[in-house]
Amino acid sequence: MFGRSTDWVLGIAAGALLALMIHYNSLLAEHTTPTFASWTAHGLGAVVALLLVLLTGARLSRRRRADQEGGERTPARLPRWVYLGGIPGAFTVILAAVTVNGSLSLSGTIAMMLVGQIVFGLVSDHFGLFSSPKRRIVPMDGLVALCVLAGSALIIFGGS
Amino acid sequence: MTVLLYVFLAFLNGAVIGTSRALNGRLSSAIGPFKASLWNHVVGFVFLTVALVVLGQWEWGASVPWAAYLGGFFGALFVAVNSYVFPRLGAMHAALLVISGQMIAAVLIDWQAGGESPTGLRCLGVAVVLLGIYLSQTRRGKEDRK
């Protein structure tokens, strides 16, 4: 299916963007502090996101008017808490700084954060957390997770 | 014992990241990925402003290279793309694919920035991650045929 292959490629591309983001934010954190670097990055990111909204907004709303689709355009029914994703997103940086400065190394911190993300994904899919659709976890998912985690561990602890 | 506490905190941090992405993904399917990215950055900025006031960590670094400010640009793009695919792939598959892309890109970035070619262990790691992606694809193929 073409649509789903696109999602799959976009998922990997998102990971590459994340690696670039972390690379440059670490550079900024070296000259300041992790929290201050994240604050600066959020401020600049907000400006970039606003430009993206303005650039794409005109085009999208024109298309939407042409389609006359109602679909998911019911922000009134949207719970308020979905707007707060930025809080855990920003808190991550503070918590990571705590563990890196504690007795856990940067490598160890990154590795445990990856494990936490995958376990969270598994639990979230199983219980449908945050009103996300429930998804059945199959044995192959475990094998894929094992490969991704083992490969990541080799990359993280295998020296640069 | 304190090591175990930090291990647990780092593990918990992974769940914190997952929560952020789940909320942004949910928001994205309602108002679009770029607006979701904007909300994420504005709310995060306000939160970090409060955190910096409380922690007292204002440090305007001297002689910061201009490239260090590129993080915000890639962050805005990352949140938009990730929020778009998150509800479409599901939390677990989204996490696995993003981690794969992140790890492979990290090896390439270190290679480019450090000038040293990656170690054998790292190359093996990339191969194992790619094997994982391949396996997830075979499963997807089977699902599509049903």
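Attention in this report is confined to the structure presented alongside it.

Our next topic: the overall build of chain A. For chain A, the count of helices and strands is 5 helices and 0 strands. Shown N-terminal to C-terminal, the secondary structure of chain A runs as helices and strands in the order α-α-α-α-α. In chain A, the share of contacts with a sequence separation of at least 24, taken over all contacts with a separation of at least 6, comes to 50%.

As a further point, take the overall build of chain B. Within chain B, the secondary structure is distributed over 5 helices and 0 strands. Taking 146 residues into account, the globule formula puts the C-alpha radius of gyration at 15 Å, and chain B, at 19 Å, lies well above it. In chain B, which comprises 146 residues, the proportion classed as buried is 55%. Of all intrachain contacts in chain B linking residues separated by at least 6 positions in sequence, the fraction that spans at least 24 positions is 68%.

All right, on to helix α5 (residues 139-157) of chain A then. Residues and elements named next belong to chain A. The end-to-end C-alpha distance of α5 is 27 Å, a good match for the 27 Å that 19 residues give at a rise of 1.5 Å each. Along α5, the residues classified as buried are Asp 141, Val 144, Ala 145, Cys 147, Val 148, Gly 151, Ser 152, Leu 154, Ile 155 and Ile 156. Phi turns positive, to about 75 degrees, at Gly 159, one or two residues after α5.

As a further point, take the packing of α5 of chain A against helix α4 (residues 91-114) of chain B. Interaxial distance between α5 of chain A and α4 of chain B falls to 10 Å at its minimum, and their mutual angle equals 25 degrees. For the element pair α5 of chain A / α4 of chain B, the angle class is roughly parallel. Considering how the two elements wind past one another, α5 of chain A and α4 of chain B form a crossing that is left-handed. On the side of α5 of chain A, the interface is formed by Asp 141, Val 144, Ala 145, Val 148, Gly 151, Ser 152 and Ile 155 of chain A, while α4 of chain B contributes Met 92, Leu 96, Ile 99, Ser 100, Met 103, Ala 106 and Val 107 of chain B. The residue inventory of the contact of α5 of chain A with α4 of chain B, partitioned by class, reads 10 nonpolar, 3 polar and 1 charged.

Before going further, it helps to spend a moment on the interface of chain A and chain B. Contacts between the two partners involve 99 residues from chain A and, on the opposite side, 102 residues from chain B. For the side of chain A that touches chain B, the secondary-structure elements that each account for two or more residues are α1 (2-31), α2 (34-67), α3 (86-101), α4 (106-127) and α5 of chain A. Considering every element that reaches the side of chain A that touches chain B, the biggest residue donor is α1 of chain A, with 21 residues.

Moving on, we come to the packing of helix α1 (residues 2-31) of chain B against helix α3 (residues 70-89) of chain B. Helix-helix packing: each pair is described by the crossing angle between the helix axes and the interaxial distance. Residue and element names in this part refer to chain B. Where α1 contacts α3, the axes come no closer than 8 Å and their chain directions differ by 80 degrees. Relative to α3, α1 is oriented roughly perpendicular. The segment α1 lies against α3, with Arg 21, Asn 24, Gly 25, Arg 26, Leu 27, Ser 28 and Ser 29 engaging Val 79, Asn 82, Ser 83, Tyr 84, Phe 86 and Pro 87. For the contact of α1 with α3, the residue count by class is 5 nonpolar, 6 polar and 2 charged.

On to the environment of Tyr 84 of chain B, then. With respect to the helices and strands, Tyr 84 of chain B occurs in helix α3. For the pair Tyr 84 of chain B and Phe 74 of chain B, spaced 10 residues apart in sequence, the C-alpha separation works out to 15 Å. With residues near it in sequence (within four places) discarded, Tyr 84 of chain B still touches Leu 10 of chain A together with Ser 28 and Pro 33 of chain B.

Let us now look at α3 of chain B. Since the α-helix advances by 3.6 residues per turn, residues separated by three or four positions end up pointing in the same direction. Residue and element names in this part refer to chain B. With 20 residues, α3 extends 28 Å between its outermost C-alpha atoms, agreeing within 8% with the 28 Å of an ideal straight helix rising 1.5 Å per residue. The buried count for α3 comes to 18 of 20 residues, which makes it a mostly enclosed element. Positive backbone phi, at 95 degrees, marks Gly 90, one or two positions downstream of α3.

Another point: the nonpolar core. Ranked by size, the top nonpolar core spans 91 residues in total, and within it Leu 17 of chain A together with Phe 78, Val 81 and Leu 96 of chain B carry the most contacts. Residue contributions to this core peak at 14 residues, all from α1 of chain A. Three or more residues apiece are contributed to this core by two domains, here domain 1 (1-86) and domain 2 (104-160) of chain A. What Phe 78 of chain B contacts, discounting residues up to four positions off in sequence, is Ala 14, Leu 17, Leu 18 and Met 21 of chain A.

Definitions and limits used
Residues numbered from 1 in each chain as written. Chains lettered and ligands numbered in written order. Predicted model: local features only at pLDDT ≥ 70, side-chain atom pairs only at ≥ 80, totals over all residues. Helix = DSSP H or I, 4+ residues; strand = E, 2+ residues; numbered from the N terminus. Contact = placed C-beta atoms within 7 Å. Rg over C-alpha atoms; globule rule 2.2 N^0.38 Å. Buried ≥ 20, exposed ≤ 12 C-beta atoms within 10 Å, placed from the backbone. Expected span 1.5 Å × (residues − 1). Axes fitted to C-alpha atoms, helices over the stretch in contact; angles between N-to-C directions. Parallel < 35°, antiparallel > 145°, perpendicular 65-115°, else oblique. Left-handed = near helix turned anticlockwise from the far one by under 90°. Nonpolar A, V, L, I, M, F, W, Y, C, P; charged D, E, K, R; others polar. Core = buried A, V, L, I, M, F, W, Y, C linked by C-beta atoms within 7 Å. Domains from an automatic or database assignment.

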